[in-house]
Amino acid sequence: MSKPLTKTHSRYCRDAALLLGKLIRTKRIEQRLTEQMLAERAGISRSLLQRIEKGELTCSIGSVFEVASIVGIPLFEDDKNRLQTTLSSYESKLTLLPKAVRKSLKETKDDF
C-alpha cells in the first residue's frame, strides 16, 4: 500500500487561509448565525464550515467562497458589476495570450 502524498503549502498560503477563516467566523458571530444555520444556508455540512473557519487548506474553494459571500466578505470587488467588468477584461486578455506555454527547444544565450 502506497503512502498518501502530503502537500506542503507556503507560509503565506497557510496564513491567508487562516485569516479568511477568522474573518468568516467573526462575521458569522457578529450576524448572530450559528454554525448550523450558516452551513445550511451555504449547503454544506457543519464540520466543513468548522474546517473552513480553522483555515484548513483542503476545503473546496467553491465552499469557502460561498460561505464568505453569504457573510458579506468581499473577495475581489465590492461591487458585483465591477467584478463582471474585471472578469471580462481578463477573459479578453487571455484570448490574446497563447493557449499553452511550451518549453523552448532552443537554448537562450544570454551571455553578452
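In this numbering scheme, every chain counts its residues from 1 along its sequence in written order. Local features in this predicted model are restricted to residues whose pLDDT is 70 or higher, and side-chain atom pairs enter the listing and the counts only when it is 80 or higher, whereas totals over whole chains, interfaces and linings include all residues. Here the side-chain values reflect all heavy atoms present in the structure, with hydrogen atoms and water set aside.

Draft legend 1. Structural context of the packing of aromatic side chains. Pairs were defined over the aromatic rings of Phe, Tyr and Trp, the Trp ring being its six-membered one, requiring ring centres within 6.5 Å. Orientation was assigned from the angle between planes: stacked under 30 degrees, edge-to-face over 60, tilted for the rest. One pass over the full model with this rule turns up one aromatic pair. Aromatic pair F65 and F76: ring centres 6.2 Å apart, planes at 80 degrees, arrangement edge-to-face. Pair noted here: F65 is in helix α4 (residues 61–71) and F76 is in the loop between α4 and α5 (80–96), with a separation of 11 residues, a long-range link. Burial status follows relative accessibility: with a 1.4 Å probe on protein chains alone, a residue under 20% of its type maximum counts as buried, one over 50% as exposed, and anything between as partly exposed. Looking at F76, the relative accessible area reads 63%, which means it is exposed. The secondary structure listing takes helices from DSSP runs of H or I that are at least 4 residues long and strands from runs of E that are at least 2 residues long, numbered from the N terminus.

Draft legend 2. Representation of the side chain of S63. Mapped onto the elements, S63 comes out in helix α4. By relative accessible area, S63 is classed as buried at 13%. Not counting chain neighbours up to four residues away, the residues in contact with S63 comprise I44, L48 and I52. Throughout, a contact is declared for two residues whenever any of their heavy atoms are within 4.5 Å.

Draft legend 3. Region of interest: the side chain of E53. Looking at the secondary structure, you find E53 in helix α3 (residues 46–53). Within the local environment of E53, its side chain forms a polar contact with the side chain of R28, the two groups lying 2.7 Å apart. Any N or O atom pair separated by 3.5 Å or less is treated as a polar contact, with the protein-specific requirement of one donor-capable and one acceptor-capable atom, and with residues adjacent in sequence counted only for side-chain atom pairs.

Draft legend 4. Quick peek at the nonpolar core. Buried residues of nine kinds, namely Ala, Val, Leu, Ile, Met, Phe, Trp, Tyr and Cys, make up a nonpolar core once their side-chain atoms join them within 4.5 Å. Of all hydrophobic cores here, the largest spans 17 residues; its most connected members are I24, L38, I44, L49, I52, V67 and I73. When contributions to this core are tallied by element, the ones reaching two or more residues are α1 (11–30), α2 (35–42), α3 and α4. With five residues, the top contributor of residues to this core is α4. Excluding residues within four positions of it along the chain, L49 makes contact with R28, E35, L38, A39, I44 and V67.

Draft legend 5. Main features of the pattern of salt bridges. One side-chain nitrogen of Lys or Arg within 4 Å of one carboxyl oxygen of Asp or Glu is enough to make a salt bridge. A full pass over the atoms with the stated rule returns five salt bridges. The partner of E56 in a salt bridge is R51, with the nearest N and O atoms 3.2 Å apart. Judged by relative accessible area, which is 34%, E56 ranks as partly exposed. For R51, a relative accessible area of 30% gives the class partly exposed. Linked by salt bridges that have partners in common, R25, R28 and E53 make up one network.

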